[in-house]
Amino acid sequence: MKISDASRVSGVSARSLRHYEDEGLIVPGRFSNGFRDYCQSTIDRVLVIRSLLESGLPVRLIREVLPGLTDGPDAGTDVVCAEFLREVQSHRDRLAARIAVLSDQQAALDAYLREARRTDL
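Everything quoted here is computed from the prediction, not taken from an experiment.

Draft legend 1. Up close: helix 1 (residues 3-10). Considered for burial, the residues of helix 1 that qualify are I3, A6, S7 and S10. Buried residues of helix 1, seen end-on, are gathered within an arc of 100° and therefore sit on one face of the element. Just beyond helix 1, the residue with positive phi is G11, at close to 80°.

In structure tokens:
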């Protein structure tokens, strides 16, 4: 299917599909005129990519583990999955630390605003 159809079916913009290709995340086929040709397996891969990106994972990590997640069973899948899970856990831990810092900053601002409103009266 053409990029416009792939975009409609996947819910991912044509621009994003081109970006995924530029990043090496997908490799669509080509028609004889050079236009991209997206098969169902590429669309399925796009949906996995979109889900991983929406969860906040970096493209670097997705690029490294995507073959093991979408290319079916092979001997290295357990190792890829274990490494992927460690990376995801690490990413989640960094995110939790950032959330904690932001929560502290929010609490400090709330306290400042409470105090400022008290002295304003």
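Draft legend 2. Looking closely at the pattern of salt bridges. Per the stated rule, a full pass over the model turns up nine salt bridges. With a shortest N-O distance of 3.6 Å, R8 and D5 are connected by a salt bridge. With R8 and D5 both in helix 1 and three residues apart, this pair spans about one turn of that helix. For R8, a relative accessible area of 61% translates into the label exposed. According to the relative accessible area criterion, D5 is partly exposed, its value standing at 28%.

Draft legend 3. Focus on the nonpolar core. Among the nonpolar cores identified, the biggest contains 18 residues, and L17, Y20, Y38, I49 and I62 are the most heavily contacted of them. Those elements that place two or more of their residues in this core are helix 1, helix 2 (14-22), helix 3 (40-54) and helix 4 (59-70). Residues within four places of Y20 in sequence aside, it is in contact with V12, L25, I26, V46, I49, R50 and L53.

Draft legend 4. Spatial organisation of the packing of helix 1 against helix 3. Remark: helix 1 packs on helix 3, axes separated minimally by 10 Å, with the N-to-C direction vectors making an angle of 50°. On the basis of the axis angle, helix 1 is oblique to helix 3. Crossing hand, helix 1 versus helix 3: right-handed. Residues A6, V9 and S10 of helix 1 lie in contact with helix 3, whose contacting residues are I43, V46, L47 and R50. Classifying every residue of the contact of helix 1 with helix 3 gives five nonpolar, one polar and one charged.

Draft legend 5. Summary view of the environment of I62. Note on placement: I62 falls in helix 4. Residue class for I62 comes out buried when judged on its relative accessible area of 0%. Along the chain, I62 and F84 lie 22 residues apart, while their C-alpha atoms are 8.8 Å from each other. Here I62 is in contact with L25, I49, L52, L53 and L57, once residues within four sequence places are set aside.

Draft legend 6. Highlighting helix 3. With 15 residues, helix 3 ought to run about 21 Å at 1.5 Å a step, and its terminal C-alpha atoms sit 21 Å apart, in line with that. Taken together, the buried positions of helix 3 are T42, I43, R45, V46, I49 and L52. In the segment just after helix 3, G56 is the residue with positive phi, at about 95°.

Calculation notes
Residues numbered from 1 in each chain as written. Predicted model: local features only at pLDDT ≥ 70, side-chain atom pairs only at ≥ 80, totals over all residues. Heavy atoms only, no water. Buried < 20%, exposed > 50% of the residue type's maximum accessible area, 1.4 Å probe, protein only. Helix = DSSP H or I, 4+ residues; strand = E, 2+ residues; numbered from the N terminus. Arc of directions from axis to C-beta. Salt bridge = Lys/Arg side-chain N within 4 Å of Asp/Glu carboxyl O. Core = buried A, V, L, I, M, F, W, Y, C linked by side-chain atoms within 4.5 Å. Contact = heavy atoms within 4.5 Å. Axes fitted to C-alpha atoms, helices over the stretch in contact; angles between N-to-C directions. Parallel < 35°, antiparallel > 145°, perpendicular 65-115°, else oblique. Left-handed = near helix turned anticlockwise from the far one by under 90°. Nonpolar A, V, L, I, M, F, W, Y, C, P; charged D, E, K, R; others polar. Expected span 1.5 Å × (residues − 1).

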